[in-house]
Amino acid sequence: MSIELQQSTIDSLRLYADRYETRDFINGDPSWFMHQVTGQANQEAMAFVAQAVSYGSRQQFLPKIQRLLDVSEGQMAQWIAEGAFNDTVPRNHDCFYRLYTNHMFNRFLTAYQTMLRRYGTTGEFVRQTSADALSAINALTAFFADQGSDGVIPRNAKSSCKRLCMFLRWMSRNNSPVDLGWWHEFIDRRTLIMPMDVHVVRQSVNFGLLKGTTATMSTARRLTDTMLKVFPDDPLKGDFALFGLGAINSQDVETT
């Protein structure tokens, strides 16, 4: 069902998006890590690993990402491609982070190693397999499922795939002080899908953009269609408005 927006709502969303999409946004955000390494392939790999751990409380997952950045010595793509992660994330069943065991996260990194060795970079994999954001999500979920990696990357796109949507925003939105935009030539930012974390869902309901709180891919796409009415060329600019209001302004940093 199409949502009719009042001009006051459109104006508010545009105002908040401009307020929060600044360089300061990355402080305390998982996007910060991809700005700490150099080179496109390395930034892609750092971003992909960061998104994989970005759930729950920031106070808990940011130190986990920092540890991976530290042990890779800022060379995340090489660290993964060469299999150096086995010394840090052994294949045992000790807890790596929340629901992830070391074994589970090692299998994720091993699958990612296969991708990098086969395609060279994450971007090249997406370029060869995907025409838009949804097909990129389908390609990524299918690849990791085929490699036997469970629990870190969703098995399919039936869920909202919040972290993959966030990763694709980082990679595909250009001319942003936050997002890198490396892939803007083959993933049109108009096809990006809203990352449905708790803050985005809550604020979407508050603004009347959504009727319910179930975070599925169909809900994410409906919200994106509504955001296209506000930001016709760049719907995920609305992510900064909704997330900024929900998390930054309230000092609430749960992102699940």
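The structure we're discussing is the one just above.
A short tour of the structure in this document, coming up.

How each quantity is defined
Throughout, residues of each chain are indexed from 1 in the direction in which the sequence is written. At least 70 in pLDDT is required for a residue's local features to be given in this predicted model, at least 80 for side-chain atom pairs to be given and counted, and no such filter applies to totals for whole chains, interfaces and linings, which use all residues. As a convention, hydrogens and water are excluded, and side-chain values are obtained from all of the structure's heavy atoms. To qualify as a helix, a DSSP run of H or I must reach at least 4 residues; to qualify as a strand, a run of E must reach at least 2; elements of each kind are numbered from the N terminus. Our radius of gyration looks at C-alpha atoms and nothing else; its globule reference is 2.2 Å times the residue count to the power 0.38. Computed with a 1.4 Å probe, the accessible areas rest on the Shrake-Rupley method; for each residue, only the protein chains presented here act as cover. By definition in these notes, contact holds between two residues if any of their heavy atoms fall within 4.5 Å. Orientation is described by axes fitted as lines to C-alpha atoms, over the contacting stretch for helices, and by angles from 0 to 180 degrees between their N-to-C directions. For classification, angles of less than 35 degrees are called roughly parallel, those exceeding 145 degrees roughly antiparallel, those between 65 and 115 degrees roughly perpendicular, and all remaining angles oblique. Should the near helix be turned anticlockwise from the far one by less than a right angle, the crossing is left-handed, and should it be turned clockwise, the crossing is right-handed. Each residue gets one label: Ala, Val, Leu, Ile, Met, Phe, Trp, Tyr, Cys and Pro are nonpolar, Asp, Glu, Lys and Arg are charged, and the others, such as Gly, are polar. Any residue under 20% of the maximum accessible area for its type is buried, any over 50% is exposed, and the rest in between are partly exposed; the area is computed with a 1.4 Å probe on protein chains only. A pair of aromatic rings is counted whenever rings of Phe, Tyr or Trp (Trp by its six-membered ring) have centres within 6.5 Å, and the orientation is called stacked for planes under 30 degrees apart, edge-to-face for over 60 and tilted otherwise. Both a distance and an angle decide whether a charge sits over a ring: NZ of Lys or CZ of Arg must be within 6 Å of the ring centre and within 35 degrees of the ring normal. In this description, a nonpolar core means a group of buried Ala, Val, Leu, Ile, Met, Phe, Trp, Tyr and Cys residues linked to one another through side-chain atoms lying within 4.5 Å. By the criterion applied in these results, polar contacts are pairs of N or O atoms within 3.5 Å in which, for protein atoms, one can donate a hydrogen and the other can accept it, and in which residues neighboring in sequence qualify only through two side-chain atoms.

**Looking at the overall build of the chain**
Counting secondary structure elements, the chain contains 11 helices and 2 strands. Taken over the C-alpha trace, the chain has a radius of gyration of 18 Å; the compact-globule value for 256 residues is 18 Å, and the two agree within 12%. Dimensions along the principal axes, computed over C-alpha positions, put the chain at roughly 55 × 35 × 30 Å. Accessible surface computed for the chain: about 11,000 Å², of which carbon and sulfur atoms make up 47%.

**Overview of the environment of Leu13**
Among the secondary structure elements, Leu13 is positioned in helix H1 (residues 7–20). For the pair Leu13 and Gly238, spaced 225 residues apart in sequence, the C-alpha separation works out to 6.7 Å. Those residues in contact with Leu13, other than ones at most four positions away along the chain, are Phe207, Leu209, Met227, Val230, Phe231, Ala241 and Leu242.

**Quick word on the packing of helix H2 (residues 40–53) against helix H8 (residues 162–172)**
The contact between H2 and H8 brings their axes to 9 Å, and the two run at 155°. Classified by the interaxial angle, the pair formed by H2 and H8 is roughly antiparallel. Relative to H8, the crossing made by H2 is right-handed. Where H2 abuts H8, its residues Gln43, Glu44, Ala47, Phe48, Gln51, Ala52 and Val53 lie against Arg163, Leu164, Met166, Phe167, Trp170 and Met171. Of the residues belonging to the contact of H2 with H8, the class tally is 9 nonpolar, 2 polar and 2 charged.

**Some words on unusual backbone geometry**
Here the phi dihedral of Glu73 falls at roughly 55°; this positive angle occurs in a residue that is not glycine. Note that Glu73 resides in the loop between helix H3 (58–71) and helix H4 (76–81). With relative accessibility at 68%, the residue Glu73 sits in the exposed group. The backbone of Asn175 shows a phi angle near 55°, a positive value even though the residue is not glycine. Counting through the fold element by element, Asn175 comes out in the loop between H8 and helix H9 (198–206).

**Observations concerning the packing of aromatic side chains**
Within the structure shown, the criterion is met by 21 aromatic pairs. Relative to Phe240, the ring of Phe25 lies with its centre 4.9 Å away and its plane at 65°, an arrangement referred to as edge-to-face. Separated by 215 residues along the polypeptide, Phe25 in the loop between H1 and H2 and Phe240 in helix H11 (residues 237–248) bring together distant segments of the chain. Each member of the pair Phe25 and Phe240 is classed as buried. Directly above the ring of Phe96 sits Lys64, whose terminal nitrogen or CZ lies 5.3 Å from the centroid.

**As for the nonpolar core**
Phe48, Ile80, Phe105, Phe108, Tyr112, Ile137 and Phe144 are the most contacted members of the largest nonpolar core, which totals 87 residues. When residues no more than four places from it in sequence are discounted, the contact partners of Ile80 are Val49, Phe85, Leu109, Tyr112, Gln113 and Leu116.

**Describing H9**
For H9, the complete set of buried residues consists of His199, Val200, Val201, Gln203 and Ser204. Where H9 begins, the capping side chain belongs to Asp197, and its oxygen is found 3.1 Å from the backbone nitrogen of His199. Downstream of H9 by a residue or two, Gly208 has a phi angle that is positive, lying close to 80°.

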